[in-house]
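Secondary and tertiary structure notes
Now for the letters of each chain:
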Amino acid sequence: MDASANRPDTYVPHLQSPTRSSGELPRGFIRPTELILAAPTPRLLFHSIYMQRSIVLDQLPVWRIGRSKDCDIVIPDRWCSRHHISIERQPDHRYRLTDLKSMNGTFIGNTRLQQPYVLKHGDRIAIGESELEYVDLRDVPSSHPYTDHSPETYGQATVLMTHSSRTQGEMWRELLNSQGISTIWATSHFELEKIIAHVESLNCKVSLLLLDLGTPKTNPYDFCRQYRRSYPNMQVILLSGMRTQVHESECKWAVNQGAMALLAGLPRENMFADLTSITERLQTMAKAIDWPYLNAEALTSTLLKLQDQVDTEMSGLVL
């Protein structure tokens, strides 16, 4: 049993214990049924009222997840044990989930985990009142297969992002995840300073902020002028919302205000024709976080899948 199980901030007997209901709708930043998924990298998605985290599992061979700040992924949930679960990479590049003798248990769907379990795409991992979703597109048939699944590790990197467009935000998330970079997509309902404070409380180190010009709660240019005093180790790159072209004078103005760059939005049509420009934008982001590697095959596969999904949405939905 977890040694912290009887501490007030781990197990609260006077509150109703968490339950798993088959009819319960998922709570979170974006409902999983709406997600655009294209990056081939295995990852965990975690939805909260503050943000959506997409954690690329290749960054570490073993992940400890729980409420304690010494965990690799900190879950701020009183029903979660200090060290609740671990996820370990196997020789075949699959990932095995193990419950670390937690008080309230671990569930896959509505089934309590009794022994180590090899995760499959779409598995919902419930710990306390929180839910993680395992995404691994190797388990999904595709007309654009990805073949390079060597589990090389290039360190840990997380990019914090705000974006007012769901489609643009999901496209940026998938492109960054395809390169092994984890993302935190912050909701626009809270001020950016509060989001950053919340992220720091989770012991998550962020070295790059992608700040959308359309973010309603924050003036991007004011933030750029002021952020260096509060966040000296964080680079800021501005995103031009859904505009796919930005004038050179706008880019110079953004740099003068303290941003590293101002980048145009991603195209919804003929993405692959814009491969060179998209690669240059990703390289700008990689330079900001000293990320040493650009996986061309993963980028190509992700762009092709993104185009398929965006085409499908544009044919039947208003984005």
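So, a few notes on the structure that sits alongside this text. Please read these numbers as outputs of a predicted model, since none were measured by experiment.

Rules of the game
Residues numbered from 1 in each chain as written. Predicted model: local features only at pLDDT ≥ 70, side-chain atom pairs only at ≥ 80, totals over all residues. Heavy atoms only, no water. Helix = DSSP H or I, 4+ residues; strand = E, 2+ residues; numbered from the N terminus. Buried < 20%, exposed > 50% of the residue type's maximum accessible area, 1.4 Å probe, protein only. Contact = heavy atoms within 4.5 Å. Areas by Shrake-Rupley, 256 points an atom, 1.4 Å probe, with all protein chains shown as cover. Arc of directions from axis to C-beta. Polar contact = N/O pair within 3.5 Å; in protein donor to acceptor, adjacent residues only side chain to side chain. Salt bridge = Lys/Arg side-chain N within 4 Å of Asp/Glu carboxyl O. Pairing = 2+ DSSP bridges. Axes fitted to C-alpha atoms, helices over the stretch in contact; angles between N-to-C directions.

Take the overall build of the chain next. From N to C terminus, the chain includes 6 helices and 16 strands. Residue burial in the chain is summarised as follows: out of 319 residues, 52% are buried. Across the chain, the fraction of contacts at a sequence separation of at least 24, relative to all contacts at a separation of at least 6, is 62%. For the chain, the accessible area works out to roughly 14,900 Å², and carbon and sulfur atoms hold 50% of it.

Listed in full, the buried residues belonging to helix 3 (residues 220-230) are Pro 220, Phe 223, Cys 224 and Tyr 227. Down the axis of helix 3, the buried side of the element spans an arc of 100°, and every buried residue falls inside it. On its buried face, helix 3 sits against helix 2 (192-201), strand 14 (208-212) and strand 15 (235-239). Two to three positions downstream of the cap, the backbone nitrogen of Tyr 221 sits 3.0 Å from a side-chain oxygen, assigning the N-cap of helix 3 to Asn 219.

Let us now look at the pattern of salt bridges. Under the counting rule described, the total for this entry stands at 14 salt bridges. Close ionic contact of Arg 94 with Asp 139 constitutes a salt bridge, the shortest N to O distance being 2.7 Å. Here Arg 94, found in the loop between strand 5 (85-89) and strand 6 (95-99), pairs with Asp 139, found in the loop between strand 11 (130-135) and strand 12 (158-162); they are 45 residues apart in sequence, far enough to count as distant. Since its relative accessible area comes to 23%, Arg 94 is described here as partly exposed. Judged by its relative accessible area of 34%, Asp 139 is partly exposed.

Another point: the sheet that holds strand 12. Read from one edge to the other, the open sheet built from 11 strands follows the order 8-7-10-11-1-2-13-12-14-15-16, with strand pairing classed as mixed. Unpaired on one side and paired on the other, strand 8 (111-112) and strand 16 (261-263) mark the two borders of the sheet. In the packing of helix 1 (residues 166-178) onto the sheet, contacts are made with strand 1 (43-47), strand 2 (51-56), strand 12, strand 13 (182-186), strand 14 and strand 15, and the angle to strand 13 comes to roughly 165°.

With respect to the helices and strands, the residue Ser 182 is situated in strand 13. Judged by its relative accessible area of 4%, Ser 182 is buried. Here Val 56 takes part through its backbone nitrogen, which lies 2.9 Å from a polar atom of the side chain of Ser 182. Those residues within four positions of Ser 182 in sequence are excluded, and the remaining contacts are Ser 54, Ile 55, Val 56, Gln 59, Ala 157, Thr 158, Val 159 and Asn 177.

What follows concerns the pairing of strand 11. Most of strand 11 sits inside the fold, with 5 of its 6 residues counted as buried. Alignment of strand 1 against strand 11, held across 4 bridges, turns out to be antiparallel. Bridge pairing in strand 11 links Arg 43 to Val 135. Of the strand pairs in this sheet, strand 10 (residues 124-127) and strand 11 are connected by 4 bridges, and their pairing is antiparallel.

Sequence separation between Ser 182 and Leu 160 is 22 residues, and the spatial gap between their C-alpha atoms is 8.8 Å. Only 3.4 Å separates the side chain of Ser 182 from the side chain of Gln 59, close enough to count as a polar contact.

Before going further, it helps to spend a moment on the sheet that holds strand 6. The 5 strands are arranged 4-3-5-6-9 in an open sheet whose pairing can be described as mixed. Each end of this open sheet is capped by a strand with a single partner; those strands are strand 4 (73-74) and strand 9 (117-118).

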